[in-house]
Amino acid sequence: MTLIKTENLTKIYSDGKVQVEALKSVNLEIEAGEFVVVAGPSGSGKTTLLNLIGGLDKPTDGKVYLEGVDISLLKRDEMADFRLRKIGFIFQAYNLIPVLTAFENVELPLILLGISESERRKRVMEVLNLLEIGELADKKPNEMSGGQQQRVAVARAIVTNPSIVLADEPTAHLDSKTGAMLIDLMQEMNRKRGITFVICSHDPQVIQKAGRLIKLRDGTIEDDKKFW
Amino acid sequence: MIFKLAWRNIWRNKRRTLIVVVSIVVSVSVLLLIDTLSMGMMKQMLDNQINLHIAHIQIHKRGFNDDKTLKNYIPDSEKIEEVLRQIDEIKFYSRRVISYGLINSAFNSSGVIIVGVEPEREKNITIISRSIVEGKYIGEDRGIILGKKLAQKLNVEIGDKVVLMVSDLNGNVSSDVFRVIGLYESPSSEFDKVYVYIPIESAQQLLGLGDKVIEFALILKDQNFINSVKDKIARAIGNSYEVLSYDDISPLIRIGIEMYKELIWIYYLIFGIAVGFGVVNIMLMSVFERVREFGVLKAIGMKNKKIFALILLESFMIGVVGTIIGLVIGLVLYLPLSKTGVDLGIFAESLAWFGSGRIIYPVLTEFTLSLLIFTMPFISLIGAIYPAIKSIKFEPVEALKHI
Ligand SMILES: Nc1ncnc2c1ncn2[C@@H]1O[C@H](COP(=O)(O)OP(=O)(O)OP(=O)(O)O)[C@@H](O)[C@H]1O
Ligand SMILES: [Mg+2]
């Protein structure tokens, strides 16, 4: 099943005089269950692509379909709802709400979904244990290491059982060992739960784990290889 | 959860939040004291007007209020007394003779209002009998009591003689000698300069009134009965009399009190604006510091209206916390003061002029209390609207670029 489809996806940033064509008519299809790494040099358009797929930004031209839905037709609140149910985000850093504990950070999307407290408790602990960070439950972000914070971010991204997790350079701020562990973890979630991952990265450790590697350069797809 | 989030957020920058909380605490407690003192002062002004002379209800011959001359005397006071005795809500009543006149001492003279009263009955109507500061209350024939201020002006003391000069019922000049037997001091210095008291029989004789009286003054069991009792009496005694409440007689007091109540709003406005600016300020700072966080929340799928509500809630909580502490402090100060009163000695002169007395007992009304409860939380809400709009103005991508 095609989960993500882009059609002539184009993004042009313009600040007055200068125009930057960050994405140039990108056509892409990603099947459910894939483990995709989008690589490419800095400025090649990775973040732009991810933001457009996640509906955080609007394309200048072209379309994004998620599960067959043209997301440009969704209103702002509908898009928020769509993200809540279908998409998990993991950013480079500062993913977590500093005043909330690890548990509460992971719980937050479930609260927004209106899930009952007992059910929330069950699901949050299940995910935290799955990621082997159950003992961090009551810790605030500033009491955790960068790697631990990113694990909590993964937990928050998958706790709602989304179809897609979009991760933008999730290992950029981690040392290589922690980075490797995080990417292994994401792959495990991909296998165990069938969640589709789209990860932007130029980290070789991440690229090496890709199930499919898409190389971007100057806003176009330079190479697209599927390994498994 | 949104409560937990909001509550923790407001304590992220403790010092900043505390500054606003303290400003609210100070505002609420100061407003509580100002407002209750003003209320107390107004109530005392009104009570003093009632207790000093006017009483709750007065009865006169029709036309007296417009033309306060002796010819408007009450011809058949027995009939009125009969009616008054049958009305349960009336606690006390007293008959009076009132006339303008001139008082002369060996040194000076002054225009006065001469009040002839039934000494024992009048004790229940006004506070004059309890306001004697020198000598004694009236009772004996040809004894007169004056305000201390007037006595000073006339340069007379207890035991001195004064002459009252009036124009009697027939329009002839009449005068008589009285002995000063007591001096009083009421809360109103203006009153003290004008009103002098003699026994009713002496007044009737001086004025050639025979056994006629000029007015009845009534005190009811409860002020709330005033209008109904007024109507009841008016119906019973007919059209040739006028029955007036203190409000009919002295509407200026009520108007003054209403004006004063409006002036109190200015205090609320000033404190409200000050607190409002503080709230806008800290909420804006707090929003700008958290731009990235809002980006994350939006990426997770939180809707703008939830984020908007979060900011309002944070500000509202600050308002509520400040208000609760402010009310507690204000009440702790207010409760003992409402028993002992506040001696505004430094303003004694002007307070005496207003007729409230120098010791003010603050009065906390339900209205003031609810005003105090709602003002600051409301202002905190209003003050957070602009910051809250700011918080949702950022597109998620822009917000996420903020660190
Ligand atoms: N808001 C913006 N305004 C103007 N230009 C922008 C904006 N965002 C991105 N760009 C430009 O668009 C191009 C693609 O940017 P993008 O952030 O997608 O690259 P990237 O592949 O994620 O780079 P990096 O590896 O550095 O994160 C770059 O040239 C960048 O300068
Ligand atoms: Mg990027």
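Residues numbered from 1 in each chain as written. Chains lettered and ligands numbered in written order. Predicted model: local features only at pLDDT ≥ 70, side-chain atom pairs only at ≥ 80, totals over all residues. Heavy atoms only, no water.

Undergrad: Mind laying out empty space enclosed by the protein, listing which residues take part and the relevant values?
TA: Tallied over the entire structure, the rule returns one cavity of 30 Å³ or more. Taken as a whole, the largest cavity holds about 80 Å³ of empty space. At the level of elements, strand 6 (87–90) and helix 5 (146–158) of chain A together with helix 11 (291–300) of chain B are the ones that each hand at least two residues to the lining of the largest cavity. Looking at the lining of the largest cavity element by element, the count peaks at three residues for strand 6 of chain A. Taken together, the residues that form the lining of the largest cavity break down as seven nonpolar, two polar and one charged. (1 Å grid on protein atoms, 1.4 Å probe; cavity = no way out; pocket = protein on both sides within 12 Å on 5 of 7 lines; lining within 4 Å. Points joined across faces, edges and corners; volume = space filled by probe spheres on them. Helix = DSSP H or I, 4+ residues; strand = E, 2+ residues; numbered from the N terminus. Nonpolar A, V, L, I, M, F, W, Y, C, P; charged D, E, K, R; others polar.)

Undergrad: Explain the site of ligand 1 to me, and be specific about the residues and the numbers.
TA: Neighbouring ligand 1 are 14 residues; Ser42, Lys46, Thr47 and Thr48 of chain A together with Lys401 of chain B lie closest to it. Chains contributing residues to the immediate surroundings of ligand 1 are chains A and B. Between Gly45 of chain A and ligand 1, the recorded distance is 3.0 Å, taken from a backbone N or O atom to an oxygen atom. Thr47 of chain A is positioned such that a nitrogen or oxygen atom in its side chain is 2.7 Å from an oxygen atom of ligand 1. When the free accessible area of ligand 1 is taken as 630 Å², the share hidden by the protein chains comes to 66%. (Near = heavy atom within 4 Å. Polar contact = N/O pair within 3.5 Å; in protein donor to acceptor, adjacent residues only side chain to side chain. Areas by Shrake-Rupley, 256 points an atom, 1.4 Å probe, with all protein chains shown as cover.)

Undergrad: Go over the packing of helix 11 of chain B against helix 12 (residues 304–340) of chain B with me, naming the residues and quoting the values.
TA: Packed helices, taken two at a time, are described by the angle their axes make and the gap between the axes. Residue and element names in this part refer to chain B. Running from N to C, helix 11 and helix 12 point in directions that differ by 140°, and their axes come no closer than 10 Å. Here helix 12 runs oblique to helix 11, going by the angle between their axes. Helix 11 and helix 12 meet at a crossing whose hand is right-handed. Packed against helix 11, whose contacting residues are Phe294, Leu297 and Lys298, the element helix 12 presents Asn304, Ile307 and Ile311 at the interface. Here the residues of the contact of helix 11 with helix 12 are counted per class, giving four nonpolar, one polar and one charged. (Axes fitted to C-alpha atoms, helices over the stretch in contact; angles between N-to-C directions. Parallel < 35°, antiparallel > 145°, perpendicular 65-115°, else oblique. Left-handed = near helix turned anticlockwise from the far one by under 90°. Contact = heavy atoms within 4.5 Å.)

Undergrad: Break down the nonpolar core for me, with residues and values.
TA: In terms of nonpolar packing, the biggest core is built from 128 residues, with Ile59, Ile103, Ile144, Leu146 and Ile233 of chain B touching the most fellow members. Among the elements that line this core, the one with the most residues is helix 2 (residues 14–54) of chain B, at twelve residues. In this structure Ile144 of chain B touches Ile103, Ile138, Val162, Leu164, Phe178, Arg179, Val180, Ile181, Gly182, Val196, Tyr197 and Ile198 of chain B, once residues within four positions along its chain are discounted. With 39 residues, the next largest nonpolar core counts Val106, Val124, Ala157 and Leu182 of chain A among its residues. (Core = buried A, V, L, I, M, F, W, Y, C linked by side-chain atoms within 4.5 Å. Buried < 20%, exposed > 50% of the residue type's maximum accessible area, 1.4 Å probe, protein only.)

Undergrad: Tell me about the layout of surface pockets, and name the residues and values.
TA: By volume, the largest pocket is sized at about 910 Å³. The wall of the largest pocket is formed by 32 residues, among which Gln49, Ile54, Tyr195, Ser250 and Ile253 of chain B lie closest to the centre. Elements with a contribution of two residues or more to the lining of the largest pocket: helix 2, strand 1 (57–61), strand 2 (90–104), helix 6 (189–192), helix 10 (251–289) and helix 13 (348–354) of chain B. Per element, the largest residue contribution to the lining of the largest pocket is eight residues, and it comes from helix 2 of chain B. Both domains that furnish three or more residues to the lining of the largest pocket are identified here as domain 1 (2–49 + 253–401) and domain 2 (63–238) of chain B. Taken as a whole, the second largest pocket holds about 720 Å³ of empty space. As for the second largest pocket, its lining consists of 31 residues, of which Thr47, Thr48, Asn51 and Asp168 of chain A together with Lys401 of chain B are closest to the centre. Only strand 2 (18–31) and helix 1 (46–53) of chain A together with helix 15 (396–401) of chain B provide two or more residues apiece to the lining of the second largest pocket. (Domains from an automatic or database assignment.)

Undergrad: Describe the pattern of salt bridges, listing the residues and the values that go with them.
TA: All names here are of chain B. The final tally for this structure, using the stated rule, is 39 salt bridges over all chains. For Glu120, the salt bridge goes to Lys123, with nearest N and O atoms at 3.4 Å. Here Glu120 pairs with Lys123, and both are found in helix 4 (residues 119–125), just three residues apart, close to one helical turn. Accessibility expressed as a relative area gives 32% for Lys123, which makes it partly exposed. A salt bridge links Asp248 to Lys230; the nearest nitrogen and oxygen atoms lie 2.8 Å apart. (Salt bridge = Lys/Arg side-chain N within 4 Å of Asp/Glu carboxyl O.)

Undergrad: Go over the interface of chain A and chain B with me, naming the residues and quoting the values.
TA: Of the residues lining the interface, 27 residues belong to chain A; the matching set on chain B comes to 23 residues. Both sides together, the interface formed by chain A and chain B hides about 2300 Å², and carbon and sulfur atoms give 66% of it. The largest share of the area that chain A buries against chain B comes from Leu56, Val99 and Leu112 of chain A, three residues that together contribute 24% of it. The partner of Lys303 of chain B in a salt bridge is Asp81 of chain A, and the shortest N-O contact between them spans 3.3 Å. Across the contact surface, chain A and chain B share nine residue pairs in polar contact (both at pLDDT 80 or more). Only helix 2 (76–86) and helix 3 (102–112) of chain A provide two or more residues apiece to the side of chain A that touches chain B. (Buried area = accessible area lost by both parts, 1.4 Å probe.)

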